[in-house]
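Spelled out, the chains give:
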Amino acid sequence: MVIKVFLASSSGSTAIKKKQQDVVGFLEALKVEYTQLDIACNEENRMWMRQNVPEDKKPSNGIPLPPQIFNEESYCGDYETFFDAKEDNSVYAFLGLPPPPGSKEAVQADKAGLIVENGTHGEEAEPEATPEESTKEVPEAEQNGDAHEEEEAAEDEEVAEEGAEGDEEEEAGDDEGHAGEEEEQEEEDLQSEEEEELRQLEVDP
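For clarity, every value in this text was computed on a predicted model and none was experimentally measured.

A. Looking closely at the packing of aromatic side chains. Counted under the stated rule, the structure contains seven aromatic pairs. Centroid distance F82 to F94: 5.8 Å. Interplanar angle 65°. Geometry classified as edge-to-face. Here F94 lies in helix α4 (residues 91-95) and F82 lies in helix α3 (residues 79-87), a separation of 12 residues in the sequence. In this structure F94 comes out as buried when scored by relative accessible area, which is 14%. What links up through ring pairs into an aromatic cluster is the set F6, W48, F70 and Y75. Sitting over the ring of W48, K4 keeps its end group 5.2 Å from the ring centre. The aromatic ring of F26 is capped on one face by K86, whose charged end is 5.2 Å from the ring centroid.

Spelled out as structure tokens, the structure:
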């Protein structure tokens, strides 16, 4: 594949000359093989360039200005699109060439390929739980279970204590009842003795 750059060697426009120099200089810096085709001195080159630039890429007057860049017969773009690709580190994609290994564009392409293969489509995949994190979750659940058992045991102890207190109160009540009955019996006995004594006094002269 040969990159073709259509230029105007005798252009009177300083802007066009500068753009042509930028494109050529950058391709040489990347060591990309290219061919310069002069449209100022060769009418055939001029006509071929005009015919092969897509209609939607031509200016309003229908005459595309150099520099225009092609990969063999395929149109790549003009200076503006070339400049945008240079800013985005995607010149090789712009030219339709595979990026050399180790280049920024190759690294970006590898990352994009990995993202598509993983099916994330540019979205960050959620990190999977590591074995350590998964094992940490089990002790936490066990700790929660132990705490629940401790709470139940404490409640049982409280219930047992309350039951014991109730039994003691009942026993105390029973003791008081027995004591009260004994006192009543003693009082009745005293009354009987007093009545007996009174009867004896009444009988004796």
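B. Seen up close, the pattern of salt bridges. Under the definition given, this model contains five salt bridges. When the shortest N-O distance is used, the salt bridge between K4 and E73 registers 3.8 Å. With K4 in strand β1 (residues 3-7) and E73 in the loop between β3 (68-71) and β4 (74-78), this pair connects stretches of sequence that are 69 residues apart. According to the relative accessible area criterion, K4 is buried, its value standing at 18%.

C. Quick look at the sheet that holds β1. What the four strands build is an open sheet, ordered β2-β1-β3-β4; its pairing is mixed. Strand pairing shows two members of the sheet lacking a second neighbour, β2 (34-38) and β4, which therefore form its edges. Each strand axis lies, on average, 25° off the axis of its neighbour in the sheet, ignoring direction. Where β3 meets β4, four bridges bridge the pair, whose relative direction is antiparallel. Counted as the bridge partner of N71 is S74 from β4. Packing against the sheet, helix α2 (residues 43-52) makes contact with β1, β2, β3 and β4, and its axis sits at approximately 80° to β3.

D. Just the environment of M1, in detail. With respect to the helices and strands, the residue M1 is situated in the segment before β1. Ignoring any residue separated from it by four or fewer positions in sequence, one finds M1 in contact with N71, E72, G96 and L97.

E. Region of interest: helix α1 (residues 14-29). The terminal C-alpha atoms of α1 lie 22 Å apart, and with 16 residues this matches the ideal 22 Å at 1.5 Å per residue to within 8%. If you check which residues of α1 are buried, you get I16, Q20, V23, V24 and L27. Take α1 and look down its axis: the buried residues cluster within an arc of 90°, on one side only. Turned more than 90 degrees away from the buried face of α1 sit T14, Q21 and A29, all of them exposed. Phi turns positive one or two residues past the end of α1, at K31, with a value near 60°.

F. Representation of the nonpolar core within the structure. Counting 18 residues, the largest nonpolar core has I3, L27, I69 and L95 as the members making the most contacts within it. Of all the secondary structure elements, the ones that give two or more residues to this core are β1, α1, α3 and α4. Take this core: its biggest share by element is four residues, from α4. Counting seven residues, the second-largest nonpolar core is a separate cluster that includes A8, L37, M49 and F70.

So, how was this worked out
Residues numbered from 1 in each chain as written. Predicted model: local features only at pLDDT ≥ 70, side-chain atom pairs only at ≥ 80, totals over all residues. Heavy atoms only, no water. Phe/Tyr/Trp six-rings, centres within 6.5 Å; stacked < 30°, edge-to-face > 60°. Helix = DSSP H or I, 4+ residues; strand = E, 2+ residues; numbered from the N terminus. Buried < 20%, exposed > 50% of the residue type's maximum accessible area, 1.4 Å probe, protein only. Lys NZ or Arg CZ within 6 Å of the ring centre and 35° of its normal. Salt bridge = Lys/Arg side-chain N within 4 Å of Asp/Glu carboxyl O. Pairing = 2+ DSSP bridges. Axes fitted to C-alpha atoms, helices over the stretch in contact; angles between N-to-C directions. Contact = heavy atoms within 4.5 Å. Expected span 1.5 Å × (residues − 1). Arc of directions from axis to C-beta. Core = buried A, V, L, I, M, F, W, Y, C linked by side-chain atoms within 4.5 Å.

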